[in-house]
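What follows is the residue order along each chain.
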Amino acid sequence: MKKMLVAVLGLVVSLAAHAAPFVWPNGAQAAVTLGYDDALDSQLDHAIPALNQRGLRASFYIPINGPTLPARQHEWKAAAAAGHELGNHSLFHGCSAKGPGREWVLPHRDLERQTPAQVQEQVIAANTWLQSLDGKTRRTFTPPCLDLKAGGQDFVTALRPHFVAYRAANPAMVTDVAALDPYAVPVYFVEGWTGEQLIALVEKAATQRAMVHLLFHGVGAEHLSVSREAHDALLDHLAKNKARLWTDTMVNVMENARAQAGR
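What you see is a predicted model, and the numbers here were worked out from it, not measured in a lab.

Rules used throughout
Residues numbered from 1 in each chain as written. Predicted model: local features only at pLDDT ≥ 70, side-chain atom pairs only at ≥ 80, totals over all residues. Heavy atoms only, no water. Disulfide = S-S within 2.5 Å. Helix = DSSP H or I, 4+ residues; strand = E, 2+ residues; numbered from the N terminus. Buried < 20%, exposed > 50% of the residue type's maximum accessible area, 1.4 Å probe, protein only. Polar contact = N/O pair within 3.5 Å; in protein donor to acceptor, adjacent residues only side chain to side chain. Phe/Tyr/Trp six-rings, centres within 6.5 Å; stacked < 30°, edge-to-face > 60°.

Undergrad: Sorry if this is basic, but what is going on with the state of the cysteines here?
TA: Formally, a disulfide is one covalent bond, and it connects the sulfur atom of one cysteine to the sulfur atom of another. Applying the stated criterion across every chain, the model contains 1 disulfide. Each disulfide pairs two cysteine sulfurs, and for Cys95 the partner residue is Cys145, the sulfurs being separated by 2.0 Å. Taking the torsion about the S-S bond as the criterion, the Cys95 to Cys145 disulfide, at about 85°, is right-handed. One end of the pair, Cys95, is in the loop between strand 3 (85-88) and helix 4 (116-134); the other, Cys145, is in the loop between helix 4 and strand 4 (149-150), and 50 residues separate them in sequence. Residue Cys145 is classed as partly exposed on the basis of its relative accessible area, which comes to 25%.

Spelled out as structure tokens, the structure:
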């Protein structure tokens, strides 16, 4: 009977641990990360000044052949000094050309034509370049196009020791510490969303005490964009609700989450 009671108590403790909610800094209800891909001009011209004005920090995923490099390299260095994360987005933004909508992928950057070792080498080289800008050795990774294979084989698993986390999974709220895979963090693509939709998403996270990750590209310009008005409306809401909505870089939020999960 005693052994059975111990077993039952152990099961209860295990289930409770598995279902444990996140506990965010200073009692916040949710953690929010804003990520911006592709190192676009509108991010330097509008997104970063708007974030800085409101005291918010975000992550910028920079392919080393991005359109703002090298001419505006000093501005990315200043962004890092202001507390933003310079995330890894590979050297050349290689994606798979397979499937509809991928006609823009150049043949020499087609992941279907590369080996995992080739892509891994490029991602690690991008880390070295980013470290020369911000002096940091810990950062997160967004695989371009969220493609995880090169030549039909996984290339991302071997890169895990180089990163705190990956944004690499379909959109979802993240609510469970024990079930969180830091190398398959869900992310919402918010192309064309209104300010109301963006605010509703972060408020949904607050009701679930969750973490939520938003992926932007252009802000009022370029590709896969949101309007400046929608972007500013979200930032205003986050700034007014800093006590409830912890908004920080992906690397800071994921280091907090990993610590809570004991990883």
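Here the narrative resumes, following the displayed structure.
Undergrad: I tried to follow the environment of Ser42 on my own but got confused; where do I start?
TA: Tracing the backbone shows Ser42 in helix 2 (residues 41-54). A relative accessible area of 4% means that Ser42 is categorised as buried. Once the C-alpha coordinates of Ser42 and Ser96 are considered, the two residues, 54 residues apart in sequence, prove to be 26 Å apart. Within the structure, the side chain of Ser42 is placed 3.0 Å from the backbone nitrogen of Val219, a separation counted as a polar contact. Looking at Ser42, its side chain comes within polar contact range of the side chain of Glu222, at 2.5 Å.

Undergrad: Would you mind showing me how to read unusual backbone geometry here?
TA: Phi is mostly negative for residues that are not glycine, and the peptide bonds are mostly trans. Cis geometry is found at the peptide bond from Leu69 to Pro70, where omega equals 0°. With respect to the helices and strands, the residue Pro70 is situated in the loop between strand 2 (59-62) and helix 3 (73-81). Unusually for a residue other than glycine, Asn26 sits at a positive phi of about 60°. Tracing the backbone shows Asn26 in the loop between helix 1 (2-18) and strand 1 (30-37).

Undergrad: Which parts of the structure should I look at to understand the packing of aromatic side chains?
TA: By convention here, two paired aromatic rings are described through the distance between centres and the angle between planes. Inspection of every chain in the model, using the stated rule, returns 9 aromatic pairs. On the basis of an interplanar angle of 15° and a centroid distance of 5.0 Å, the ring pair of Tyr36 and Phe216 is categorised as stacked. Of the two residues, Tyr36 sits in strand 1 while Phe216 sits in strand 9 (residues 211-216), which places them 180 residues apart along the sequence. Here the aromatic rings of Phe141 and Phe163 are separated by 5.1 Å at their centres, their planes lie at 20°, and the arrangement is stacked. In this pair, Phe141 sits in the loop between helix 4 and strand 4 while Phe163 sits in the loop between strand 5 (153-154) and strand 6 (167-169), placing the two residues 22 residues apart along the sequence. Accessibility expressed as a relative area gives 0% for Phe141, which makes it buried. Relative accessible area serves as the criterion here: at 5%, Phe163 is assigned to the buried category.

Any functional reading would require information that these geometric values do not contain.
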